[in-house]
Amino acid sequence: MDLAIETNGLTKKYGSLTAVNKLDLKVQRNTIHGFLGPNGAGKTTTMKILVGLLKPNEGTVKVLGQELHGSKNGGVLKWFYEQADSRLSIGYMPELPKFPKHLKGAELLDIYGQMYGMTQQQRKEQIPKLVELVGLKGRENDLIGKYSKGMQQRIGIAQTLLNNPELVILDEPSLGLDPVGMVEVREVVKEIAKEGRTVLVSSHLLFEVEQICTHVTIINRGTALVSDTLQNVSGLLSGPAMLHVEVAKISNTIVNAVKKLPCVTSVVQTGDTLRIQMETHEDMRAQVSQEITRSGGIIVAMSQKTSNLEDVFIQLVSKDQGGKPQ
Ligand SMILES: Nc1ncnc2c1ncn2[C@@H]1O[C@H](COP(=O)(O)OP(=O)(O)O)[C@@H](O)[C@H]1O
Ligand SMILES: [Mg+2]
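Residues numbered from 1 in each chain as written. Chains lettered and ligands numbered in written order. Predicted model: local features only at pLDDT ≥ 70, side-chain atom pairs only at ≥ 80, totals over all residues. Heavy atoms only, no water.

Description of the site of ligand 1
(1) Moving on: Surveying the vicinity of ligand 1 reveals the residues Tyr-14, Leu-17, Ala-19, Pro-38, Asn-39, Gly-40, Ala-41, Gly-42, Lys-43, Thr-44 and Thr-45.
(2) Moving on: Separating an oxygen atom of ligand 1 from a backbone N or O atom of Gly-40 is a distance of 2.7 Å.
(3) Moving on: Between Lys-43 and ligand 1, the recorded distance is 2.8 Å, taken from a side-chain N or O atom to an oxygen atom.
(4) Moving on: Its free accessible area being 560 Å², ligand 1 has 59% of it covered by the protein chains.
(5) Moving on: Every element with two or more residues in the shell around ligand 1 is listed here: strand S2 (17-23) and helix H1 (43-50).
(6) Moving on: The leading source of residues in the shell around ligand 1 is H1, at three residues.
(7) Moving on: Its residues assigned to classes, the shell around ligand 1 comprises five nonpolar, five polar and one charged. (Near = heavy atom within 4 Å. Polar contact = N/O pair within 3.5 Å; in protein donor to acceptor, adjacent residues only side chain to side chain. Areas by Shrake-Rupley, 256 points an atom, 1.4 Å probe, with all protein chains shown as cover. Helix = DSSP H or I, 4+ residues; strand = E, 2+ residues; numbered from the N terminus. Nonpolar A, V, L, I, M, F, W, Y, C, P; charged D, E, K, R; others polar.)

Observations regarding the side chain of His-215
(1) Moving on: In this fold, His-215 is placed in strand S10 (residues 215-220).
(2) Moving on: A polar contact is formed between the side chain of His-215 and the side chain of Thr-214, at a distance of 2.9 Å.
(3) Moving on: Excluding anything up to four places from it in sequence, His-215 contacts Gln-28, Thr-31, Ile-32, His-33, Gly-34, Asp-228, Thr-229 and Leu-230. (Contact = heavy atoms within 4.5 Å.)

Remarks on the pairing of strand S9 (residues 198-203)
(1) Moving on: Counting buried positions along S9 gives six out of six residues, so the element sits mostly inside the fold.
(2) Moving on: Burial of the side chains of S9 extends over both faces: Thr-198, Leu-200 and Ser-202 are buried on one face and Val-199, Val-201 and Ser-203 on the other.
(3) Moving on: Relative to S9, strand S4 (residues 32-36) is paired through five bridges, and the arrangement is parallel. In the sheet register, Phe-35 faces S9, and the bridge partner there is Ser-202. (Buried < 20%, exposed > 50% of the residue type's maximum accessible area, 1.4 Å probe, protein only. Pairing = 2+ DSSP bridges.)

The values reported here are purely geometric and, on their own, carry no functional implication.
Below, the structure is given as structure tokens:
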């Protein structure tokens, strides 16, 4: 597996509090990986370790193939300098970034670009593209102080992309945004992953992760409870799926053919609708529709009911806390 991020037994303590506890986080390249957990779960701490801003107490961290041994190797600062090349391939947006209000959006990007060592020509080419990508075209010469929270977050995302990083780490990019702002940020996150980038995005909001991520790690009390593709995690604790299919020209032949499918446990017919209880939570819509069509039916509508990520998240986190709320 080609990993952009790999931690093993990662542990970070603040005094007696263990914020990250033997965390194994594996992020495959070219995925949008949701890092999901309630407030205080250890998301920000983990991300700061990944970008070299915090030193772990224990464990190993590999980012874009480069290993960082925080405690053994002379600490974060040594790593910080030694791994300059790999850090230049990482874009990072901290939680609730604050930018100088007296700067214009484009000026901010220009200053960051200079810090990255970009030439004037490179900045001239790159900045307008980024401004457009994050939906701030036409507003780039307004003062950041006049930007909405959502626009500030989006200029923050543009800043993470200046050096065209392979890996982008975004810490709760839609924190504190209104619903419209959240949608806009989500669209930008999806967009930046398109060019072969890996995106690790943290959130305490399930629906957000569900809408943008291909993979998800659920973290609670510093430990990963589950980590897999979004589809597998969503289906993990769900019972078997149920299919509702509306069929024109329904007949006993169709009903019996569906009943005989190995993935089907029972079929209930009400008028033109079949309620098909599946044996697994996997998506068997293709097989079922093929069988119905083969038996002479015409599918008018089909829907599948499975439990969503929210069910899984609540079940996992409450089980981890002995069923008690935090
Ligand atoms: N600088 C700090 N000093 C002491 N405790 C901290 C510090 N930063 C975070 N914590 C604690 O560590 C835990 C994890 O925090 P954090 O990584 O910010 O979680 P999340 O980002 O998931 O909300 C929390 O209990 C938090 O209170
Ligand atoms: Mg946080």
